[in-house]
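Structure at a glance
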Amino acid sequence: MTTTSRRTLLKWALGTGQFALLERAGLLGSSAAHAADTDVPSRLVVLYIPGGYRPAYYFTPMDDADIPLCVPTPSTYSGEPVFFDSSKLVNLAPANGSYKPLRTWQSWNPANPADRTGYSPLMYGFSHFALHEQMSVLHGIDQGSNDHASAFIASMSGVAGADYRAPAVHSVIANHLYEKYRESRPLPFVVVSGERGTPIGMGLPSHASPVRVPSIQALKPQLSAKPADNPWWTGLDARDSSAEMNARGQPTGASLKTTTIERFSLSRTPGMMGRSTAKVDNYLEGLHGSLTSVSRVLATDVVSVLERTKGIDTLTANRPAYLSSYLSNQSFTYTFGLANFHLTGLDPRMDLALRLLKSDLCTSVHVSLQLDFDTHNGFGHGYSCAHGRGLMDCVARFLGELKAAPAPGKPGKTLLDDTLVLVMSEFGRSWASRGSDGTYSLPDDHHPYTSVMFAGGNVAANRQVGSYTPRGLGVPVDIIEENGQPSKRVPRAADTVTTALRIMGMDTHDFFIPGGYGEVMGIRRA
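Computed from a predicted structure; not experimentally measured.

So, the sheet that holds strand β22 (residues 486-489)
Pairing within the open sheet is antiparallel, and its three strands lie in the order β22-β21-β23. The sheet terminates laterally at β22 and β23 (518-520), the two strands that pair on one side only. Shown here is a sheet whose adjacent strand axes are inclined to one another by a mean of 35°, direction ignored. Of the strand pairs in this sheet, strand β21 (residues 477-481) and β23 are connected by three bridges, and their pairing is antiparallel. Considered in β23, the bridge of E481 is made with G518. The strands touched by helix α15 (residues 493-503) within the sheet are β21, β22 and β23, with β23 carrying the most contacts at an inclination of about 80°.

Rendered as structure tokens:
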């Protein structure tokens, strides 16, 4: 397939009519998206927490005086300590510039983080792996909706709505880097698992659309080249290398190893182009691109590559001591409480995500982090605090594994240096409020303001940007709008996506988000 510009990407996503309106308004350019040559990440990982979470219980940006107004007094949830006052908050490191440093409730015993006698190790991973060195959090983001489906779309694309008016950030990055990595990364955009939502392709070209890869075992019937897995392919899988052609029969500049059947099928497309409508041509281009992508995946034998790549490695070979009270045979679990609760089942999906990244098979990866925070009950705040901190500690371990792994093809760099990791939910949940008698109201419903964690390469160190009012509303932050002008306003979902794309090396003219967008200052490394 030819280089797919943002113009083409939007045309596939929005439909011809809407695309024409945008073009008539002068909102679309014609330049193609090219991978940046600067020192920026070449991979994107989105770790998604389903149901809406309460990020201020994990990284707290509010002023000390506001904390008693919206954080309940210390208590327990199923035997796990929850909630805190300002005296229990600690900075992960000294402040970086004028921004608030990352700070969290020190629920662990600093003398022995594994101690469970009135303490909790949850969230200690961020300190253990020194993740403040490559991490910032943006708070108070207005998602523009408190409906699950609409807010999920806002998180993924920047625009709330019943359907995608812009491609998901994963698709934009996969498309942006496709030309640079088309021959080495046969799976540009992979969804490992998603209970509540999965970014969808909206008819995008194959290299910008998600491929669901729940496990290596699930890939074997379709993609394994081993005779033991698929004996019926024996004798039919011989491949010859030749110049890759696009749907119109023009060379793309890349090479492609194809079987006889694939070469014949791909050669039929150019003769069909131009015979009917533009919509039919677009459809044929999609079919041609999909077959090209499938051919490249089959030629790579991704099953064998994934099988021989270690996913969870450092966390098992050098298990952190603070995890001693957790299941010893699993790295991504936690336990607490009177019922001795264990989170299990996260290891397989995290292991597969790590294999995909370490093997350098893909550019964008989406992982759902299990559990669902759509609680709607009187225990919602305790649940969010206890389980949210447990799940966020699993995030810390994932980042720690990336930090310990070398980046493929980039000597001296870690995989975390070469990856942007976004941790998000579709929105937040309603805030606690203290009454005049000192008791707390603990509503548990959807809330349109949320936070997003940025970690990895080209991310500023140890910053909290933005904050919340005691009612959980966002506050204005410094933003550079798409036209280059500075402004100060409450950040929106589109600004979160824009900031991520800017961290990945894209300029604001390389993409388009309907409704306006800007980069939040302070998140990208200067």
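So, the environment of P81
Inspection of the secondary structure assignment puts P81 in strand β3 (residues 80-82). With residues up to four places along the chain from it excluded, the contact list for P81 reads S75, T76, W105, G118, Y119 and S120.

Description of the packing of aromatic side chains
If you walk through the whole model with that rule in mind, you get 16 aromatic pairs. Between the aromatic rings of Y77 and Y383, the centroid separation amounts to 6.2 Å while the plane-to-plane angle is 85°, which identifies the pairing as edge-to-face. Remark: Y383 occurs in helix α14 (residues 380-404) and Y77 occurs in strand β2 (residues 75-77); sequence separation between them is 306 residues. This pair shows no difference in class: Y77 is buried, exactly as Y383 is. Here W431 and Y468 contribute two aromatic rings whose centre-to-centre distance is 4.9 Å and whose plane-to-plane angle is 50°, an arrangement assigned as tilted. Pair noted here: W431 is in the loop between β15 (428-429) and β16 (433-434) and Y468 is in the loop between β20 (463-465) and β21, with a separation of 37 residues, a long-range link. Members of the aromatic cluster, each reached through a chain of ring pairs, are Y77, Y334, F336, F341, F373 and Y383. Its guanidinium or amino end placed over the ring of Y181, R185 lies 3.7 Å from that ring's centre, counting from NZ or CZ.

Here's the deal with helix α10 (residues 278-300)
Side chains that are three or four residues apart share a direction in an α-helix, a result of its 3.6 residues per turn. In this model, α10 (23 residues) spans 33 Å end to end at C-alpha, consistent with the 33 Å of a helix rising 1.5 Å per residue. Just past α10, the residue D301 takes up positive phi, approximately 55°.

Re the pattern of salt bridges
Per the stated rule, a full pass over the model turns up 27 salt bridges. Between R248 and D281 there is a salt bridge whose closest N-O contact spans 3.9 Å. Placement of R248 in the loop between β9 (240-245) and β10 (251-258) and of D281 in helix α10 is noted, with a sequence separation of 33 residues between them. For D281, a relative accessible area of 10% translates into the label buried.

Examining the packing of helix α6 (residues 169-176) against α15
Relative to each other, α6 and α15 sit at 25°, their axes nearing to 11 Å. By the angle between their axes, α6 is roughly parallel relative to α15. For the crossing formed where α6 meets α15, the hand is right-handed. Listed contacts from α15 to V169, V172 and I173 of α6 are V497, A500 and L501. In terms of residue class, the contact of α6 with α15 is built from six nonpolar, no polar and no charged.

Focus: the sheet that holds strand β14 (residues 419-424)
Taken together, the eight strands give an open sheet; going across it, the order is β8-β7-β13-β1-β14-β19-β6-β20, and neighbouring strands pair in mixed fashion. Two strands bound the open sheet, and with one partner strand each, they are β8 (211-212) and β20. Here five bridges tie strand β1 (residues 43-48) to strand β13 (residues 364-368), and the two strands are oriented parallel to one another. Across the sheet, residue V45 finds its bridge partner in β13, namely V365. Sheet strands touched by α15: β6 (135-142), β14 and β19 (449-456). Its angle to β19, the strand with the most contacts, is close to 5°.

Remarks on the side chain of T375
Considering the arrangement of structural elements, one finds T375 in the loop between β13 and α14. Given the relative accessible area of 17%, T375 is considered buried. Only 2.5 Å separates the side chain of T375 from the side chain of D444, close enough to count as a polar contact. Ignoring any residue separated from it by four or fewer positions in sequence, one finds T375 in contact with G380, Y383, R429 and D444.

Some details on the nonpolar core
Residues F59, F126, M392, F398 and M453 are the most contacted members of the largest nonpolar core, which totals 86 residues. Ranked by the residues each element gives to this core, the list is headed by α14, at eleven residues. Residues within four places of F59 in sequence aside, it is in contact with L92, L102, R103, T104, M123, F126, M135, V137, H139, M392, M453 and Q464. Within the second largest apolar cluster, 38 residues are counted, among which are F152, L422, A494 and M506.

Conventions adopted
- Residue indices follow the written sequence of each chain, beginning from 1 at its first position.
- Reporting in this predicted model follows two pLDDT cut-offs: at least 70 for local features of residues, and 80 or more for side-chain atom pairs to be given and counted; totals over whole chains, interfaces and linings ignore these cut-offs and use all residues.
- Hydrogens are left out, water is left out, and the side-chain values use all remaining heavy atoms of the structure.
- Here, strands pair whenever DSSP counts at least two bridges between them.
- Note on conventions: DSSP H or I runs of at least 4 residues are helices, E runs of at least 2 residues are strands, and numbering of each starts at the N terminus.
- Here an angle of 0 to 180 degrees is reported between the N-to-C directions of two axes, which are lines fitted to C-alpha atoms, with helices fitted over the stretch in contact.
- Contact criterion: two residues are considered in contact whenever any of their non-hydrogen atoms come within 4.5 Å of each other.
- Only Phe, Tyr and Trp rings are paired, with Trp represented by its six-membered ring, and only when their centres lie within 6.5 Å; those with planes under 30 degrees apart are stacked, over 60 edge-to-face, the remainder tilted.
- Relative accessible area decides the class of each residue, using a 1.4 Å probe on protein chains only: under 20% of the type maximum gives buried, over 50% gives exposed, and in between gives partly exposed.
- Only when the NZ atom of a Lys or the CZ atom of an Arg is both within 6 Å of the ring centre and within 35 degrees of the ring normal do we say a charge sits over the ring.
- In a helix, the anticipated span is given by 1.5 Å times the number of residues less one.
- Take a side-chain nitrogen of Lys or Arg and a carboxyl oxygen of Asp or Glu: if they are within 4 Å of each other, that pair is a salt bridge.
- Comment on the angle field: the value is read as roughly parallel under 35 degrees, roughly antiparallel over 145, roughly perpendicular from 65 to 115, and oblique elsewhere.
- Here is the rule for handedness: rotate from the far helix to the near one, and if that takes an anticlockwise turn smaller than a right angle the crossing is left-handed, while a clockwise turn gives right-handed.
- Residues are sorted three ways: Asp, Glu, Lys and Arg are charged, Ala, Val, Leu, Ile, Met, Phe, Trp, Tyr, Cys and Pro are nonpolar, and all the rest, Gly among them, are polar.
- Any N or O atom pair separated by 3.5 Å or less is treated as a polar contact, with the protein-specific requirement of one donor-capable and one acceptor-capable atom, and with residues adjacent in sequence counted only for side-chain atom pairs.
- Among the buried residues, those of types Ala, Val, Leu, Ile, Met, Phe, Trp, Tyr and Cys that are joined through side-chain atoms within 4.5 Å form a nonpolar core.

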